[in-house]
Amino acid sequence: MKNMIIAIVVTGTSIATAVTNAAENERVLVAGATGGTGQHIVRKLLDQGYHVRVFVRDEDKARSLFGDRAELFKGDIRDATSVENAMRGIDYVFSAIGARTQDDADPNSGQFVDYQGTQHLVNAAKQQSVKQIIIVSTAGLSASVYKTGGEVRPILRWKEKAEEVLRASGISYTIVRPGGLSDDVGGKTGIRVTQGTYARAMIPREDVARVCVAALKRPSAYNKTFEIVSLPDSNPVIDWDVFYQAPQRD
């Protein structure tokens, strides 16, 4: 908000223009940009005027999704050097990465993608003095069935370890744990902040992206973890500071 006030006083431009001008000078890296949720994150950042660098393995898919609006960086989240190169000059990081298999021996498993991938992002972010990291995790990590010895899917274990890496990094972070993901249009209902009870409830990917992007540079969202699902028959979130003052989850 401070940058926006300065811009208005100096230039006399509208608030919308001031927001865009402030954002244009800040570079954001999005890992997992071509995934279902990552696509929405990228588009919302672009619409707000940020310079977005998408970290992807499939350049053709990324170009078909974002055209020339985003800067493309081809690399692999499992390769530390690749991540370091992608991080150069970056101010903020979003991660919507996710494993494709429950088999720990598979190189696309949570151990290598979610856990080691997050380690690579955090280490590279430290080198670049990144100001904030926002990641999409998964609901259910605080559910009693997981904490008391119930059946644990490997992806949950590695998602939790990835969160621990981020919390210990010293970098301001926001961890968003969505329930079941849908491709419904977002912005139609409210969003419930929960703690495992509603872990199997649904939420549109677009609303997950809204929560993530709203956390960017918002002090009320710093160093917090939220489990979120849709809240039917209620109005969409308007005051994000109030939303982020909900109790933190662990």
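Presented here is an overview of the structure given in this document. All residue numbers refer to positions counted from 1 along the written sequence of the respective chain. Reporting in this predicted model follows two pLDDT cut-offs: at least 70 for local features of residues, and 80 or more for side-chain atom pairs to be given and counted; totals over whole chains, interfaces and linings ignore these cut-offs and use all residues. The basis for the side-chain values is all heavy atoms of the structure; hydrogens and waters are excluded.

### Observations concerning the packing of aromatic side chains
Right, on to step 1. Ring pairs are drawn from Phe, Tyr and Trp, using the six-membered ring of Trp, whenever the two centres fall within 6.5 Å, and their geometry is named by plane angle: stacked under 30 degrees, edge-to-face over 60, tilted for the rest. This model, assessed by the stated rule, comprises seven aromatic pairs.
Right, on to step 2. Their ring planes at 35 degrees and their centres at 6.3 Å tell us that Trp 240 and Tyr 244 sit as a pair that is tilted. Here Trp 240 pairs with Tyr 244, and both are found in helix H10 (residues 240–244), just four residues apart, close to one helical turn.
Right, on to step 3. Here the term buried applies to any residue with accessible area under 20% of the maximum for its type, exposed to any over 50%, and partly exposed to those in between, with areas from a 1.4 Å probe on protein chains only. Looking at Trp 240, the relative accessible area reads 12%, which means it is buried. We count a stretch as a helix when DSSP gives it H or I for four or more residues in a row; a strand needs E for two or more, and each element gets its number in order from the N terminus.

### Let's talk about the pattern of salt bridges
Right, on to step 1. Counted as salt bridges are all cases of a side-chain nitrogen of Lys or Arg within 4 Å of a carboxyl oxygen of Asp or Glu. Scanning the entire structure with this criterion turns up 15 salt bridges.
Right, on to step 2. Arg 177 serves as the salt-bridge partner of Glu 227, at 3.1 Å between the closest nitrogen and oxygen. Residue Glu 227 is found in strand E10 (residues 224–231), and its partner Arg 177 is found in strand E6 (residues 172–178); the two are separated by 50 residues along the sequence.
Right, on to step 3. Residues Asp 207 and Arg 210 are paired through a salt bridge, measuring 3.0 Å at the closest nitrogen-oxygen approach. Here Arg 210 and Asp 207 lie together in helix H9 (residues 205–214), a separation of three residues that amounts to about one turn. The same class applies to Asp 207 and to Arg 210, which are both buried.
Right, on to step 4. Here the salt bridges do not stand alone but share partners, grouping Glu 163, Arg 167, Arg 177 and Glu 227 into one network.

### Brief notes about the pairing of strand E1 (residues 27–31)
Right, on to step 1. Across the five residues of E1, four count as buried, placing the element largely inside the fold.
Right, on to step 2. In terms of strand pairing, E1 meets strand E2 (residues 51–56) through five bridges, oriented parallel. Each residue of the ladder has a partner; that of Arg 27, found in E2, is His 51.
Right, on to step 3. Look down the strands so they point away from you; if going from the first strand over the helix to the second traces a clockwise path, that crossover is right-handed. Regarding the hand of the β-α-β motif, the stretch spanning E1, helix H3 (residues 36–47) and E2 is right-handed. Should DSSP find at least two bridges between two strands, the strands are regarded as paired.

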